[in-house]
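What the coordinates show
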Amino acid sequence: MRWLTTPLLILIASATLTTPVPAQDSVFLEDLTWVEARAAIDGGATTAIIPTGGTEQNGPHMILGKHNYVVKQAAGAMAELLGNTLVAPVVAHVPEGDLDPPSGNMRSAGTITLPREYFEKIVEYTARSLAVHGFTEILLIGDSGGNQAGMAAVAELLNEEWADAGVEVRHISRFYGRNAGSVEWLMEQGFSQEDIGSHAGIADTSLLWYVHPDGIRPELREPNGGGEGSGVRGNPTLATPELGEQIFRIRVEAAVEQVEELRR
């Protein structure tokens, strides 16, 4: 790659790096320039979060990108609480089912799937890229159940390889709703397991309503989505943004608590 050694480009790069870079408010890497990212890392921001979401059906009343909106905002909140932490772009292509014949969420229009091995490679090489730039702690969080095993596998693979490299990859499993205690909290509020459901029900709908209200079609909410094949398991008519705010807080705090425990 001869262009990298061009004297003019070396001069430009050197001049840029010696120019003071003001601190930026955003914790999201995609909002920073490369020199701002470099300055943040050099200034101690050596923890990075890789959030994984998904592009999947979420019933007639929620947009396909639900997971991506939720996990990005949650990762940002985690970064603020942890300090010295930046957030990588959301991995939006994740395992969602088979193609032929379509299975899982792939039975609904708009869903995009990846075989698990390809998902793992995306997460792996995102982590490898971050390590090259000086991040020494890489946190993997996922807003979907189908992402968890792949992230755990990547963490195990890289930690074995990097045992003596001073880089730690941590799968933060408690961020996922069922591991964070949010379902138990909803039951304590008087909601039944049937109404809470397991997909696009009270929790999912409330979360997105809090994080991204434009992603909800309130008039299309029905118990179990109105019938078989809707993709809804639960009762989204009971969802509110206020519930979503509490669920968001529970999940973020559970994830941060796990990070702090793993650091001890």
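Residues numbered from 1 in each chain as written. Predicted model: local features only at pLDDT ≥ 70, side-chain atom pairs only at ≥ 80, totals over all residues. Heavy atoms only, no water.

**Observations concerning helix α3 (residues 66–82)**
The end-to-end C-alpha distance of α3 is 24 Å, a good match for the 24 Å that 17 residues give at a rise of 1.5 Å each. Buried within α3 are the following residues: Lys66, His67, Asn68, Val70, Val71, Ala74, Ala75, Gly76, Met78, Ala79 and Leu82. Tucked inside the fold, the buried residues of α3 contact β1 (47–52), β2 (85–87), β3 (137–142), α9 (202–211) and α10 (241–263). (Helix = DSSP H or I, 4+ residues; strand = E, 2+ residues; numbered from the N terminus. Expected span 1.5 Å × (residues − 1). Buried < 20%, exposed > 50% of the residue type's maximum accessible area, 1.4 Å probe, protein only. Contact = heavy atoms within 4.5 Å.)

**Comments concerning the confidence of the model for the chain**
With 91% of its residues at a pLDDT of 70 or more, the chain has an overall mean of 91. Ignoring residues within four places in sequence, the model shows residues 1–16, a span with pLDDT below 50, making 4 contacts including any to other chains. (pLDDT = per-residue confidence, 0-100.)

**What to know about the packing of α3 against α9**
Running from amino to carboxyl end, α3 crosses α9 at an angle of 65°, the nearest separation of the two axes being 10 Å. α9 is crossed by α3, and the crossing has left-handed handedness. On α9, the residues touching Lys66, Tyr69, Val70 and Gln73 of α3 are Asp204, Leu207, Leu208 and Val211. In terms of residue class, the contact of α3 with α9 is built from 5 nonpolar, 1 polar and 2 charged. (Axes fitted to C-alpha atoms, helices over the stretch in contact; angles between N-to-C directions. Left-handed = near helix turned anticlockwise from the far one by under 90°. Nonpolar A, V, L, I, M, F, W, Y, C, P; charged D, E, K, R; others polar.)

**Section: the side chain of Ser206**
You can see Ser206 is positioned in helix α9. Within the local environment of Ser206, its side chain forms a polar contact with the backbone oxygen of Ile202, the two atoms lying 2.8 Å apart. Excluding its chain neighbours within four sequence positions, the residues that come into contact with Ser206 are Ala239, Thr240, Pro241, Leu243, Gly244 and Ile247. (Polar contact = N/O pair within 3.5 Å; in protein donor to acceptor, adjacent residues only side chain to side chain.)

**Looking at the sheet that holds β3**
If you trace the 4 strands from one edge of the open sheet to the other, you get β2-β1-β3-β4, paired in parallel fashion. A single partner strand is all that each edge strand has here, and the edge strands are β2 and β4 (168–171). Neighbour-to-neighbour, the strand axes of the sheet open up by a mean angle of 20°, direction not taken into account. Note that β3 and β4 share 4 bridges and pair parallel. Of the residues in β4, the one forming a bridge with Leu139 is Arg170. Along the sheet, α3 contacts β1, β2 and β3; its crossing angle with β1, the most-contacted strand, is approximately 160°. The sheet strands contacting helix α4 (residues 116–132) are β1 and β3, and the helix crosses β1 at an angle near 160°. (Pairing = 2+ DSSP bridges.)

**With respect to the layout of surface pockets**
The space that makes up the largest pocket amounts to roughly 610 Å³. If you trace the largest pocket, you find 38 residues lining it, with Glu56, Ser198, His199, Asp204 and Arg233 closest to the centre. Secondary-structure elements contributing two or more residues to the lining of the largest pocket are α3, α6 (177–180), α7 (182–188), α9 and α10. (1 Å grid on protein atoms, 1.4 Å probe; cavity = no way out; pocket = protein on both sides within 12 Å on 5 of 7 lines; lining within 4 Å. Points joined across faces, edges and corners; volume = space filled by probe spheres on them.)

**Notes on the packing of α9 against α10**
Contact geometry for α9 and α10: axes closest at 7 Å, N-to-C directions at 95°. As summarised for this structure, α9 and α10 are arranged roughly perpendicular, according to the angle between their axes. Side by side, α9 and α10 meet where Ile202, Ala203, Ser206, Leu207, Trp209, Tyr210 and Val211 of the first sit next to Pro241, Leu243, Gly244, Glu245, Ile247, Phe248 and Arg251 of the second. Considered class by class, the residues forming the contact of α9 with α10 number 10 nonpolar, 2 polar and 2 charged. (Parallel < 35°, antiparallel > 145°, perpendicular 65-115°, else oblique.)

**Considering unusual backbone geometry**
Cis geometry is adopted by the peptide bond preceding Pro101, which originates at Asp100 and carries an omega value of 0°. Relative to the elements of secondary structure, Pro101 occurs in the loop between β2 and α4. Positive phi outside glycine occurs at Asn84, with the angle close to 50°. In this fold, Asn84 is placed in the loop between α3 and β2. Of note in the backbone geometry, Asn224 takes a positive phi value of approximately 55° without being a glycine. Looking at Asn224, the relative accessible area reads 36%, which means it is partly exposed.

**What to know about the nonpolar core**
The biggest cluster of nonpolar side chains holds 40 residues, and the ones touching the most others in it are Ile49, Met78, Val87, Ile141 and Leu186. Breaking this core down by element, the ones donating at least two residues are α3, β3, α7, α9 and α10. When residues in this core are grouped by element, the largest group, 8 residues, is from α10. Not counting residues within four places of it along the chain, the set of residues in contact with Ile141 comprises Ile49, Ile50, Pro51, Thr52, Val71, Ala75, Met78, Met151, Ile172 and Phe175. If you look at the next biggest cluster of nonpolar residues, it comprises 25 residues, including Ile138, Ala155, Val167 and Val169. (Core = buried A, V, L, I, M, F, W, Y, C linked by side-chain atoms within 4.5 Å.)

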